[in-house]
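Understanding the architecture of this molecule
So the chains spell out like this:
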Amino acid sequence: MKTLQKIAIPVSLGILGIFILNSCSVGIPKGATAVQNFNAEKYLGKWYEIARFDYKFERNMDNVTATYTQNPNGTIRVDNKGYNYVKKEWKESIGEAKFVKNKNEARLKVSFFKPFWAGYNVIDIDDNYQYALVAGSSLKYLWILSRTKEIPESIRQRFLEKARKIGYKTEELIWVRHN
């Protein structure tokens with residue numbers, strides 16, 4: 001019996017470890033490509049969340065913004081804020097982002113609860129870094145971001161079309177209010 005227990009505990013821990021690693025994927029959805037020749041410095045600053053899927057961690061949130069700043073160690077500070085209109089209170093979450101490969105490819109991993117990391121992939125961005133389409137590591141995560149509280153219809157349609165081609169169910173997007 002003791003031998004069985006000695007085997008069962010490491011096997012259980014191994015299975016738990018595999019589960020945790022799989023739940024913290026930093027990949028990119030099949031069919032999506034991260035922006036190349038990415039300018040990380042131009043991406044820094046404040047972004048307004050224009051659309052997203054209904055994630056537990058952002059449920060009932062309006063006026064959502066993300067502000068990215070360079071940390072002294074080369075990582076990026078992620079400061080997410082939003083107003084929970086049900087609880088009538090502001091929420092803030094501070095995290096850290098790192099590039100998966102290099103700063104020229106818009107594939108990052110972000111963590112708000114270390115050691116757990118999630119994929120953050122900029123898959124489309126306009127030339128002036130005013131509008132961005134961001135994919136998570138799977139088809140469950142997608143964001144449309146803008147430097148202003150609105151997005152031109154042409155950019156909106158471009159991003160929606162690209163997301164649909166990858167396999168996103170864009171009809172399920174929540175369009176965030178900024179008031």
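Only a predicted model underlies this, so the values are computations on that prediction, with no experimental measurement involved.

Moving on, we get to the side chain of Arg-107. Positionally, Arg-107 belongs in strand β5 (residues 107-113). Buried charge without a salt bridge: Arg-107, with Glu-105 as the nearest opposite-charge side chain at an N-O distance of 4.9 Å. Residues in contact with Arg-107, not counting those within four places in the same chain, are Val-26, Gly-27, Ile-28, Ala-34, Lys-98, Phe-99, Val-100, Lys-101, Tyr-120 and Asn-121.

We now examine the pairing of strand β1 (residues 45-52). The buried fraction of β1 is high, at six of eight residues. Strand direction decides the pairing type here: β1 and strand β2 (residues 61-70), joined by four bridges, are antiparallel. By the bridge assignment, Trp-47 is partnered in β2 with Ala-66.

The next subject is the pairing of strand β6 (residues 116-125). The buried fraction of β6 amounts to eight of the 10 residues, a majority that puts the element mostly inside the structure. Where β5 and β6 come together, five bridges link them in antiparallel fashion. Counterpart to Lys-109 in the pairing with β6 is Gly-119. Hairpin connection from β5 to β6: two residues lie between these consecutive antiparallel strands. Where β6 lies against strand β7 (residues 131-135), four bridges are found, and the strand directions are antiparallel. Bridged to Val-122 within β7 is Val-134. Remark: five residues form the turn of the hairpin made by β6 and β7, two consecutive strands paired antiparallel; Tyr-129 in that turn has positive phi of roughly 60°.

Our focus in this paragraph is the packing of aromatic side chains. Following the criterion strictly, the structure yields 13 aromatic pairs and no others. Considering the side-chain rings of Tyr-43 and Trp-47, the 4.9 Å spacing of their centres and the 35° angle between planes classify their relative orientation as tilted. Judged by relative accessible area, Trp-47 falls into the buried class, the value being 0%. Judged by centre distance (6.5 Å) and plane angle (75°), the rings of Tyr-43 and Tyr-120 are edge-to-face. A residue pair is termed long-range when its members are at least 10 positions apart, and Tyr-43 in helix α2 (residues 40-43) and Tyr-120 in strand β6 qualify at 77 residues. Relative accessible area serves as the criterion here: at 11%, Tyr-120 is assigned to the buried category. Put simply, the rings of Phe-38, Tyr-43, Trp-47, Tyr-68, Phe-99, Tyr-120 and Tyr-129 pair up and form one aromatic cluster. The aromatic ring of Trp-117 is capped on one face by Lys-109, whose charged end is 5.1 Å from the ring centroid.

Reading guide: rules and limits
Residues numbered from 1 in each chain as written. Predicted model: local features only at pLDDT ≥ 70, side-chain atom pairs only at ≥ 80, totals over all residues. Heavy atoms only, no water. Helix = DSSP H or I, 4+ residues; strand = E, 2+ residues; numbered from the N terminus. Buried < 20%, exposed > 50% of the residue type's maximum accessible area, 1.4 Å probe, protein only. Lys, Arg positive; Asp, Glu negative; His and termini not counted. Salt bridge = Lys/Arg side-chain N within 4 Å of Asp/Glu carboxyl O. Contact = heavy atoms within 4.5 Å. Pairing = 2+ DSSP bridges. Phe/Tyr/Trp six-rings, centres within 6.5 Å; stacked < 30°, edge-to-face > 60°. Lys NZ or Arg CZ within 6 Å of the ring centre and 35° of its normal.

The values are spatial; any link to function lies outside them.
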